[in-house]
Amino acid sequence: MNVRTLAIANHKAGVGKTSTTHALGTALAQNGQRILLIDFDPQANLTAFCGVEDAAGASIAEVIGGGLPGKISPWDILREILPGLYLFLAPADLALAATELGLGGRMGREFVLRRLLAGIARGFDLAIIDCPSNLGLLTVNALTAANGVIIPTFPQVDALRNLWLFLGTLEQIRRELNPDLETLGILVTYFDPRLTHHRVAVEVMQAVRLPLMPIGIKRREIQAKVGEVETEEPTAIYLPNAPEEQAELVEVVERWAAKGHS
Ligand SMILES: Nc1ncnc2c1ncn2[C@@H]1O[C@H](COP(=O)(O)OP(=O)(O)O)[C@@H](O)[C@H]1O
Ligand SMILES: [Mg+2]
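None of the values given here were measured: they were computed from a predicted structure.

**Side note on the overall build of the chain**
In step 1: Secondary structure summary: the chain contains ten helices and seven strands in total.
In step 2: Across the 262 residues in the chain, those meeting the buried criterion constitute 45%.
In step 3: If you take every contact in the chain between residues at least 6 apart in sequence, the share linking residues at least 24 apart comes to 78%.

**Some words on helix H1 (residues 17-30)**
In step 1: Compared with an ideal rise of 1.5 Å per residue, which puts 14 residues at 20 Å, H1 spans 20 Å between its outermost C-alpha atoms and is within 8% of the ideal.
In step 2: For H1, the buried fraction is high: twelve of the 14 residues fall into the buried class.
In step 3: Those residues of H1 that fall on the buried side of the exposure criterion are Lys17, Thr18, Ser19, Thr20, Thr21, His22, Leu24, Gly25, Thr26, Ala27, Leu28 and Ala29.
In step 4: Just downstream of H1, Gly32 is the residue with a positive phi angle, here 95 degrees.

**Re the nonpolar core**
In step 1: Ala7, Ile60, Ile128, Ile129 and Ala142 are the most contacted members of the largest nonpolar core, which totals 70 residues.
In step 2: Of the residues forming this core, the biggest block, six residues, is contributed by helix H6 (residues 137-145).
In step 3: Once residues lying within four places of it in the same chain are set aside, the contact partners of Ala142 are Ala7, Ala9, Phe40, Leu113, Ile129 and Cys131.

**Overview of the sheet that holds strand E5 (residues 126-130)**
In step 1: Pairing in this open sheet of seven strands is mixed, and the strands run E3-E4-E2-E5-E1-E6-E7 from one edge to the other. The sheet is open, and its two edges are formed by strand E3 (79-80) and strand E7 (182-188), each paired on a single side.
In step 2: Examined bridge by bridge, strand E2 (residues 35-39) and E5 share five bridges and lie parallel to one another. Its bridge partner lying in E5, Ile38 is registered against Ile129.

**Comments concerning the environment of Asn134**
In step 1: Here Asn134 shows up in the loop between E5 and H6.
In step 2: Judged by local crowding, Asn134 falls into the partly exposed class, with 14 C-beta atoms found within 10 Å.
In step 3: Sequence-wise, Asn134 and Asp41 are 93 residues apart; in three dimensions their C-alpha atoms are separated by 9.5 Å.
In step 4: Apart from the residues within four sequence positions on either side, Asn134 is in contact with His11 and Thr139.

**Some points on the packing of helix H5 (residues 112-119) against H6**
In step 1: Interaxial distance between H5 and H6 falls to 7 Å at its minimum, and their mutual angle equals 45 degrees. Put simply, H5 runs oblique to H6. Here the hand of the crossing between H5 and H6 comes out right-handed. Taken together, the residues of H6 that come into contact with H5 (itself represented by Val112, Leu113, Arg114 and Leu117) are Asn141, Ala142, Thr144 and Ala145.
In step 2: Tallied by class, the residues present in the contact of H5 with H6 amount to five nonpolar, two polar and one charged.

**Here we look at the pairing of E2**
In step 1: Among the five residues of E2, five are classified as buried, and the element is accordingly described as predominantly covered.
In step 2: Residues Ile35, Leu37 and Asp39 point to one face of E2 and Leu36 and Ile38 to the other, with burial holding for every one of them.
In step 3: Here E2 runs beside strand E4 (residues 87-90); their pairing, made up of four bridges, is parallel. Bridging from a neighbouring strand, Leu36 pairs with Phe88 of E4.

**Digging into H6**
In step 1: Across the nine residues of H6, nine count as buried, placing the element largely inside the fold.
In step 2: Three or more residues of H6 are buried, namely Leu137, Leu138, Thr139, Val140, Asn141, Ala142, Leu143, Thr144 and Ala145.
In step 3: Among the structural elements, strand E1 (4-8), helix H4 (95-103), H5, E5, strand E6 (148-153) and helix H7 (160-176) are those in contact with the buried residues of H6.

**Notes on unusual backbone geometry**
The phi torsion of most residues other than glycine is negative, and most of the peptide bonds are trans.
In step 1: Positive phi values are uncommon outside glycine, yet Ala44 reaches one of about 55 degrees.
In step 2: Note on placement: Ala44 falls in the loop between E2 and helix H2 (45-49).
In step 3: According to the C-beta neighbour criterion, Ala44 is buried, with 26 such atoms within 10 Å.
In step 4: Its identity as a non-glycine residue notwithstanding, Arg209 has a phi of 60 degrees, on the positive side.
In step 5: Considering the arrangement of structural elements, one finds Arg209 in the loop between helix H8 (196-207) and helix H9 (217-225).

**Thoughts on the pairing of E1**
In step 1: Among the five residues of E1, five are classified as buried, and the element is accordingly described as predominantly covered.
In step 2: Neither face of E1 is open: one carries Arg4, Leu6 and Ile8, the other Thr5 and Ala7, and all of them are buried.
In step 3: The pairing of E1 with E5 spans five bridges and is parallel. Bridge pairing in E5 links Ala7 to Ile129.
In step 4: Note that E1 and E6 share three bridges and pair parallel. The residue of E6 that forms the bridge with Ala7 is Val149.

Reading the values: the criteria
Residues numbered from 1 in each chain as written. Chains lettered and ligands numbered in written order. Predicted model: local features only at pLDDT ≥ 70, side-chain atom pairs only at ≥ 80, totals over all residues. Helix = DSSP H or I, 4+ residues; strand = E, 2+ residues; numbered from the N terminus. Buried ≥ 20, exposed ≤ 12 C-beta atoms within 10 Å, placed from the backbone. Contact = placed C-beta atoms within 7 Å. Expected span 1.5 Å × (residues − 1). Core = buried A, V, L, I, M, F, W, Y, C linked by C-beta atoms within 7 Å. Pairing = 2+ DSSP bridges. Axes fitted to C-alpha atoms, helices over the stretch in contact; angles between N-to-C directions. Parallel < 35°, antiparallel > 145°, perpendicular 65-115°, else oblique. Left-handed = near helix turned anticlockwise from the far one by under 90°. Nonpolar A, V, L, I, M, F, W, Y, C, P; charged D, E, K, R; others polar.

This is the structure we're talking about:
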């Protein structure tokens, strides 16, 4: 059996994929889960975020390979992220950009990450993949390997078009590559209930029945109405200033992950 795998994906940049991956992984590991974080973005932001600076030559790029399979075992690149926690990172490096180009000519190109994860399944309860901000072959590999996907997004009406496009891509992935891929939902990041355009955006998303994760939104709307929001900063579900939202997200993911193991 493969390791339960969650992709954090959206082809739009800056929506909170990397931050969500890191915060979610840390929180789940603190709850005793054996977590693998996979940086699958050539920009390697998650790797930098985790304080790993020497991944060149021993990153996920060398494990995946390019036109030919990689020569390094995944076990050889894993880094322990926080002492005392079962939380490991498969780091990325800019070489992953060349990997993506090379993969194009490879037989079984969409399934490379999925096969790789099967080989290390016994070590982890959950793998979380931080996807690049595009719909290239790395993202396709991540969505083909994943059991579930969370889609972080801005609370902006002009994000809708992107979301439709992304949801359409998920449909295609299900049809062609991974029928079991579950959408856990769209995660609204940067939500500030005091801003009318944020509230309107969420209302529109709800009205057109986008699969929003019900995290944070309702309670903060109510708080805003009765004037109880104290913070001056925009609230965001994964940040330390929003611990309740973070706990809700962790609970949703834990419930989902447990379902797969039963
Ligand atoms: N929910 C949020 N609220 C406020 N700032 C955020 C939030 N999510 C991300 N950020 C900030 O926005 C920037 C981009 O986030 P990041 O997680 O790197 O996005 P992505 O991986 O989707 O490109 C980072 O500087 C991060 O600290
Ligand atoms: Mg990122």
